[in-house]
Amino acid sequence: MTIHFVGGGPGAADLITVRAANLLGEADVVMYAGTYLDRDVLAHCRADVRLVDSADLTLDQITAELVTAHLAGHEVVRLCSGDPSLYSALAEQAFRLDAAGVPWDVTPGVPAYAAAAAVVGRELTVPLLSQSVVLTRAQARSTAMPESESLANVAATGATLVLHLAITRIGELASELIEHYGADCPVVVVYRASQPEQLVLRGTLATIAEQVEAAQLRQAAVILVGRVLDPVRVGESYLYGVERDRSAKVSTGSTSKY
């Protein structure tokens, strides 16, 4: 048997991969992150599946559940919110499973930031505005951030910024970001993207904190910051642009658009 770390996507039952749905349908045991996942995702499971909510478990308790299920010969899915490559504690769990001699693999999922961008219909990399996206988080009652990854350092790049696990500190963070992006920089907050409780707040670095406080958001929200969210003018990608077409004609000596 293998422990399958599976990306559960942003929450909607139809925003998981076919592979993820198949693994859920075959699983004898599914451990899921109840705080962030809509339970509709679990509709892909068999009726007789054993469900374990990991919300109140420590990493050692989670590992014990996974190892016990593996030794019992069960098919096991560790269902993560979003994609396992981001803030899923995959590294810590995999380290423990390796120590116990238990095999594991990973199935990717739709990350929350991608779902949030889709909800508001925005590309996060717009020519001439931003060609980079920084995915980061805030630090409060959590593991300390590396000094080189301070908010000031990542904001200095001017890239589109995606903040996870930061909604309770948005006032403080917005004030810090104004220095780098300007008070009028667009901000979008998406709470529980794709889920029935989904809420979208649009504002600027100067106004968004007040909206978040009024909505009483405390978790499960992604913060997007950058000029790409409300572009006044956008450039054109070289891949599809006129200049590329001209360059191709010059280099080949051809007048055909093909």
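Residues numbered from 1 in each chain as written. Predicted model: local features only at pLDDT ≥ 70, side-chain atom pairs only at ≥ 80, totals over all residues. Heavy atoms only, no water.

1. Side note on the domain arrangement of the protein
(1) Moving on: Splitting the protein by domain gives domain 1 (3-107) and domain 2 (112-229).
(2) Moving on: Computed from C-alpha coordinates alone, the two centres of domain 1 and domain 2 are separated by 28 Å.
(3) Moving on: Regarding the contact of domain 1 and domain 2, the summed buried area is about 950 Å², with carbon and sulfur atoms giving 60% of it.
(4) Moving on: Of all residues in domain 1, the largest losses of buried area upon contact with domain 2 belong to Pro10, Tyr36 and Tyr87, amounting jointly to 54% of the total for that side.
(5) Moving on: Linking domain 1 with domain 2 are zero salt bridges, by the criterion used here. (Domains from an automatic or database assignment. Buried area = accessible area lost by both parts, 1.4 Å probe. Salt bridge = Lys/Arg side-chain N within 4 Å of Asp/Glu carboxyl O.)

2. Side note on the layout of surface pockets
(1) Moving on: Empty space within the largest pocket amounts to approximately 1,500 Å³.
(2) Moving on: Considering the residues around the largest pocket, the lining is formed by 47 residues, among which Tyr36, Ser81, Tyr87, Ser88 and Leu165 are closest to the centre.
(3) Moving on: Mapped onto the lining of the largest pocket, the elements with two or more residues apiece are helix 2 (59-71), strand 4 (76-80), helix 3 (90-100) and strand 10 (221-225).
(4) Moving on: For the lining of the largest pocket, the leading source of residues is strand 4, giving three residues.
(5) Moving on: Of the residues belonging to the lining of the largest pocket, the class tally is 24 nonpolar, 15 polar and eight charged.
(6) Moving on: Shared between two domains, the lining of the largest pocket takes at least three residues from each, and those domains are domain 1 (3-107) and domain 2 (112-229). (1 Å grid on protein atoms, 1.4 Å probe; cavity = no way out; pocket = protein on both sides within 12 Å on 5 of 7 lines; lining within 4 Å. Points joined across faces, edges and corners; volume = space filled by probe spheres on them. Helix = DSSP H or I, 4+ residues; strand = E, 2+ residues; numbered from the N terminus. Nonpolar A, V, L, I, M, F, W, Y, C, P; charged D, E, K, R; others polar.)

3. What about the sheet that holds strand 4?
(1) Moving on: On the basis of which strands lie adjacent, the open sheet formed by five strands has the order 3-2-4-1-5 and parallel pairing. Since the sheet does not close on itself, it has two edges, and those belong to strand 3 (50-53) and strand 5 (104-107), each with one partner. Looking at each pair of strands side by side, their axes are set apart by 20° on average, direction ignored.
(2) Moving on: Inspection of the sheet shows strand 2 (residues 29-32) paired to strand 4 by four bridges, in the parallel sense. What sits directly across from valine 30, in strand 4, is valine 77.
(3) Moving on: On the sheet, helix 2 packs against strand 1 (3-7), strand 2, strand 3 and strand 4 and is oriented at approximately 150° with respect to strand 4.
(4) Moving on: Sheet contacts for helix 3: strand 1, strand 4 and strand 5; angle to strand 5, the most-contacted strand, approximately 155°. (Pairing = 2+ DSSP bridges. Axes fitted to C-alpha atoms, helices over the stretch in contact; angles between N-to-C directions. Contact = heavy atoms within 4.5 Å.)

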